[in-house]
Amino acid sequence: MKTRTLGTDLDVAEVGLGCMTMTGGYGGSPDRSAMVDLLRSAVDQGVTLFDTAETYGPHRNEELVGEALAPVRDRVTIATKFANAIDPDTHEPLGRLLRPDEVRAAAEGSLRRLGTDHIDLYYQHRVNPDHPIEEFAGVVRDLITEGKVLRYGMSEAAEATIRRAHAVQPVTAIQSEYSLWWRRPEDGVLDACAELGIGFVPFSPLGKGFLTGTIDASATFGEDDLRASIPRFEGDALTSNVALVDGVKAIASGLGATPGQVALAWLLARQPWIVPIPGTTKPHRLTENIGAADVDLSDADVDRLTALSDSVEIVGGRYPDFLEEQTNR
C-alpha cells in the first residue's frame, strides 16, 4: 500500500488495523493463536498501523498485539490508549477515569504488556472533565522527552479541547468514529486537524460492520455483542438505517467493489491525512479491507456517496453525547 503521514512525521500505510475485537466485543471469544496469525498476515499484506488500548480485554488485547508483532516490531507502528483506571492485578475496571498523576503508571503497564520500550502513538482514550486537559498533555510530553512515548494522540475529543492540548504538546492524530454513517467529526474537528497539521484516524469506519452490507433489518445481537446496546442497531432504527447500505451497495456494484471497500475508499478520498482502522477477526475481511486502498473513486463517486449520506436520516442517534464541548477547569 501507499503511505500517508499523520501529523508531521508518522508515515503509515493507507489502511490500518483496529485490534479491539480480537479479544471479544462482537460476540464470542476469538482463538488467540488465530488472531496472532491474523496480525502477522496483516503485516505481510502491508499494514503498518495497529491500534489497541489498555481497556480492551482489559489488558489482554495489548498482550496479544505485543506477542504477535514482536518479531516485526521495527516494521510497525503500535498505537495504544489510556483513560480508564484498571486494577493491575484483577484487570477489572475501577469505574473511573485516570488522573494525570496516574498516566505514567498506565504507560509503564502498556509498555510491559506490549513488550516494547516505546509506544509509537499514545492516545488519551477519553477526556477526563475533572482535570484540565493541559495536565494530561504535560504528562505525555514528559513521556515523550524520556523516549517512552514517541507521539501524542487524542480520541473522542472536541475541537476546543484538541486546540488546548496541542498548545502544550503537539498532537499527531485524533481518533474518533467517522464513516458514511457517522459524520460528527465534520463539525469542527476535521477543520482543526487541517489547520494544526494533525492526522485523523477513523475507528468503526464500516459502522461496526453495518456498511459491509452483511447486516439487514432482521439482524439480532447477543448480550456479549456491544452492538446490542447501540440504538442504531435496534428494531425500527435498524430497518430505517438499511436504506444507506442499499445505496452504497448500488454504487459498489457499478465499481466492481464491495460495499465495505467503497465506504473505506470514501474516507480515504476525504483528506490525504485520514487513515481508517477497520477491525476484523476474519482473514478474508482483512484482505478485503486492505483492498479498499486500490478502489479509485472519481470525484463524482465521492459526491454521490456524500449526497447519499446527507439524504439518509440516521435513526437511533447519529452522535454521542460525550462529544459535546468539554468544560475542563
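Data block above holds the structure.
**Q** Whenever I open this one, the pattern of salt bridges confuses me. Can you help?
**A** Side chains bearing opposite charge may pair, as long as their charged atoms lie close to each other. This structure, assessed with the given rule, holds 24 salt bridges. Across the salt bridge formed by Glu 62 and Arg 113, the nearest N and O atoms sit 2.6 Å from each other. A residue pair is termed long-range when its members are at least 10 positions apart, and Glu 62 in helix H2 (residues 60–69) and Arg 113 in helix H3 (residues 103–114) qualify at 51 residues. The partner of Arg 183 in a salt bridge is Glu 186, with the nearest N and O atoms 3.0 Å apart. Relative accessible area serves as the criterion here: at 8%, Arg 183 is assigned to the buried category. Owing to a relative accessible area of 25%, Glu 186 belongs among the partly exposed residues under this scheme. Among the charged side chains, a network of salt bridges with common partners joins Arg 96, Arg 99, Asp 101 and Glu 102.

**Q** What am I meant to see in the packing of aromatic side chains here?
**A** The description of two aromatic rings rests on the distance between their centres and on the angle between their planes. In the structure shown here, the tally under the stated rule is five aromatic pairs. Consider the rings of Tyr 178 and Phe 200, whose centres lie 5.8 Å apart with planes at 85 degrees: the pair is edge-to-face. Placement of Tyr 178 in the loop between strand E10 (171–177) and helix H6 (189–196) and of Phe 200 in strand E11 (residues 199–203) is noted, with a sequence separation of 22 residues between them. By relative accessible area, which is 0% here, Tyr 178 ends up buried. For Phe 200, a relative accessible area of 0% puts it in the buried group.

**Q** Could you clarify how one ought to interpret the sheet that holds E11 in this entry?
**A** Adjacent strands of a sheet form backbone hydrogen bonds with each other and so pair up, either parallel or antiparallel. Across the sheet, seven strands lie side by side as E3-E4-E5-E8-E9-E10-E11; this open sheet has parallel pairing. The sheet is open, and its two edges are formed by strand E3 (17–18) and E11, each paired on a single side. Those strands touched by H3 are strand E5 (77–82) and strand E8 (121–124), and its axis lies near 140 degrees from that of E5.

**Q** Honestly, the packing of H2 against H3 in this entry has me stumped. Any pointers?
**A** Two elements in contact, H2 and H3, have axes whose closest approach is 7 Å; the angle formed by their N-to-C orientations is 45 degrees. In terms of their interaxial angle, H2 and H3 are classed as oblique. Judged by residue contacts, Glu 62, Glu 63, Val 65 and Gly 66 of H2 engage Ser 110, Arg 113 and Leu 114 from H3.

**Q** So what exactly am I meant to see when it comes to helix H8 (residues 259–270) here?
**A** Since one α-helical turn is 3.6 residues long, residues separated by three or four positions face the same way. Spanning twelve residues, H8 covers 17 Å between terminal C-alpha atoms, matching the ideal 16 Å at 1.5 Å per step. Those residues of H8 that sit buried are Pro 259, Gly 260, Gln 261, Val 262, Ala 263, Leu 264, Ala 265, Trp 266, Leu 267 and Leu 268.

**Q** Mind showing me how you'd approach the environment of Gly 207 here?
**A** Looking at the secondary structure, you find Gly 207 in the loop between E11 and helix H7 (235–255). Judged by its relative accessible area of 2%, Gly 207 is buried. With 62 residues separating them in the primary sequence, Gly 207 and Thr 145 have C-alpha atoms 37 Å apart. Those residues in contact with Gly 207 that sit more than four places away from it in its chain are Ser 179, Trp 181 and Phe 233.

**Q** Mind showing me how you'd approach unusual backbone geometry here?
**A** Peptide bonds are, in most cases, trans, and in most cases residues other than glycine have a negative phi. Going from Gly 57 to Pro 58, the amide bond is cis rather than trans, its omega being -20 degrees. By the element assignment, Pro 58 lies in the loop between strand E4 (49–51) and H2. A positive phi angle, near 75 degrees, is found at His 59, a position not held by glycine. Mapped onto the fold, His 59 is located in the loop between E4 and H2.

**Q** Please clarify how the environment of Leu 211 should be interpreted in this entry.
**A** Here Leu 211 is to be found in the loop between E11 and H7. For Leu 211, a relative accessible area of 1% translates into the label buried. Along the chain, Leu 211 and Leu 244 lie 33 residues apart, while their C-alpha atoms are 8.3 Å from each other. The contact partners of Leu 211, leaving out residues within four places of it in the chain, are Ser 179, Leu 180, Trp 181, Pro 205, Leu 206, Leu 244, Val 245, Pro 259, Gly 260 and Ala 263.

Thresholds applied
Residues numbered from 1 in each chain as written. Predicted model: local features only at pLDDT ≥ 70, side-chain atom pairs only at ≥ 80, totals over all residues. Heavy atoms only, no water. Salt bridge = Lys/Arg side-chain N within 4 Å of Asp/Glu carboxyl O. Helix = DSSP H or I, 4+ residues; strand = E, 2+ residues; numbered from the N terminus. Buried < 20%, exposed > 50% of the residue type's maximum accessible area, 1.4 Å probe, protein only. Phe/Tyr/Trp six-rings, centres within 6.5 Å; stacked < 30°, edge-to-face > 60°. Pairing = 2+ DSSP bridges. Contact = heavy atoms within 4.5 Å. Axes fitted to C-alpha atoms, helices over the stretch in contact; angles between N-to-C directions. Parallel < 35°, antiparallel > 145°, perpendicular 65-115°, else oblique. Expected span 1.5 Å × (residues − 1).

The quantities given are spatial measurements derived from coordinates; they are silent on function.
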